[in-house]
Every structure is written in C-alpha cells, then in structure tokens.
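Residues per chain, in single letters:
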Amino acid sequence: YGAHHLMGTITGNQDRPRFASLAEGTVRWEEDHKLAGWTRQIDRNGLRGHHAMRMLTAFNLSMPGVPCLYQGDEYADVGGNDPDNRRMVRFNALDADEADTRDHVAEWNRLCRSRISLLYGQTTIEALPTGLLRIERQYLDETTTVYINPTPSPVAIDVMSEVVAGAVQDGELPAYGCAAIAGAS
C-alpha cells in the first residue's frame, strides 16, 4: 500500500483472544480460543504479557498506517476469544504492572502524535545481530529510530541524540525494552 497508506494496524479485536494471554501462554495457540473463554477463568501468569504488549505497541506505533488499539490492550488485559475478550474496560483499579503498561502506551501515543517522521516517514526495518529490532522512520529533516529488545538481557545501543520515548540505562536497552531516539543511530 506504500509508505503513506491509511490502513489500520491493530493490536487485537473482538474476534481473537487477547494478545497478552497468548504471549503469556494462559491461552495456547493450538487450543480452541472460544472454548477456553467459555470454560475456564483466564488470568495473568507473570509479566510476559505486559512485556509483549509494550513491545507490540512500540512496533505498531512505529509502522506506517493508522495504529488501532483494542480496548483493554492499553493495560494488557487478558482473556480468550469472544465473548471473553469483551470484558468491561477498566479505567481505574489497575495493578502496578497494568498502570505501567498503560503509561507506556500513553507515552508512545504522545510520541507518535509529536513526530512527523512516525506519521509520514519512509521506513527501514532491520533485525540486528544483537537480537534487537531497529526501525528507522525518516521524513524531510526528521528521523526517529526505534529499538525493540525482545531478549531477556539488556543490549548496548549507540545513543547519538535525545531519547524521546522509553528508557536507555547506561547505554543499554533493558530486557524487553523499547526506546525511540530523535535522529539516526
């Protein structure tokens, strides 16, 4: 569709099990997702769902198109297929990990709205030997470089300019971390 299309890029929808549950393994890929939602309580099992949703959000908001976030994905809600994935959205009473995921999503949404290169830029994607995914978006004189670390260990990156989203600690991207840098790296 080209670099400037208006196709939606989605995190989830009502016809699929929750991404966080698939990432955590509380809903298995090979099982009947609808039956799972009807016959058992699907709950959180660790932090993997939060990590995966944060990385998916950074990826989704770094790609060409119109990012669409399914209700509840902003805090990595859990569940099987319809109707289990239509649990009432919660605006309050989030636990600390859910609040951290919601804050991460809000930060990346603000970034996407403020960086024209993330809206209209040409896209280069590269899987680095260190295990990182590097996405560079460039439009006119603005470049945004996004790093996503799907590995369980911190990975060193060269930060040549300002970190505009995420966190880089002592020149390293934390395990399961995401960061956006103003400019090319």
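Residues numbered from 1 in each chain as written. Predicted model: local features only at pLDDT ≥ 70, side-chain atom pairs only at ≥ 80, totals over all residues. Heavy atoms only, no water.

Chemist: A description of helix H3 (residues 48-62) should follow, citing residues and the corresponding values.
Modeler: In this model, H3 (15 residues) spans 21 Å end to end at C-alpha, consistent with the 21 Å of a helix rising 1.5 Å per residue. For H3, a buried count of 13 out of 15 residues is recorded, marking the element as mostly surrounded by other parts of the structure. (Helix = DSSP H or I, 4+ residues; strand = E, 2+ residues; numbered from the N terminus. Expected span 1.5 Å × (residues − 1). Buried < 20%, exposed > 50% of the residue type's maximum accessible area, 1.4 Å probe, protein only.)

Chemist: Please set out the environment of Arg 54 residue by residue, giving values where relevant.
Modeler: Mapped onto the elements of the fold, Arg 54 is located in helix H3. Overall, Arg 54 belongs to the buried group, its relative accessible area being 17%. As a C-alpha pair, Arg 54 and Val 164 span 110 residues in sequence and 16 Å in three-dimensional space. Leave out the neighbours within four places in its chain, and Arg 54 touches Asp 97, Asp 100, Thr 101, His 104 and Cys 178. For Arg 54, the side chain forms a polar contact with the side chain of Thr 101, separated by 3.0 Å. (Contact = heavy atoms within 4.5 Å. Polar contact = N/O pair within 3.5 Å; in protein donor to acceptor, adjacent residues only side chain to side chain.)

Chemist: Residues and numbers for the pattern of salt bridges, please.
Modeler: Going through the model one piece at a time under the given rule, you end up with 12 salt bridges. A salt bridge links Arg 18 to Asp 73; the shortest N-O distance between them is 3.0 Å. Linking Arg 18 in the loop between strand E1 (8-10) and helix H1 (19-24) with Asp 73 in the loop between strand E2 (66-68) and helix H4 (96-114), this pair joins segments that are 55 residues apart in sequence. For Arg 18, a relative accessible area of 1% corresponds to the buried category. Via salt bridges that share partners, Arg 28, Glu 30, Glu 31 and Arg 40 belong to a single interconnected network. (Salt bridge = Lys/Arg side-chain N within 4 Å of Asp/Glu carboxyl O.)

Chemist: So, the confidence of the model for the protein: which residues are in play, and what are the values?
Modeler: On average, residues of the protein score 93 in pLDDT, and 97% of them reach the 70 mark or higher. Here E1 stands out as the element of the protein with the lowest mean pLDDT, 85, in contrast to strand E5 (residues 142-148), whose mean of 97 is the highest. (pLDDT = per-residue confidence, 0-100.)

Chemist: Tell me what's going on with unusual backbone geometry, and back it up with residues and numbers.
Modeler: Omega for the peptide link from Asp 82 to Pro 83 comes to 10°, which places this bond in the cis form. Look at Ala 93: it is not a glycine, yet its phi comes out positive at around 60°. Position of Ala 93 among the secondary structure elements: in the loop between E2 and H4. When its relative accessible area of 72% is taken as the criterion, Ala 93 is described as exposed. At Leu 140, a residue that is not glycine, the phi angle is positive and equals roughly 50°.

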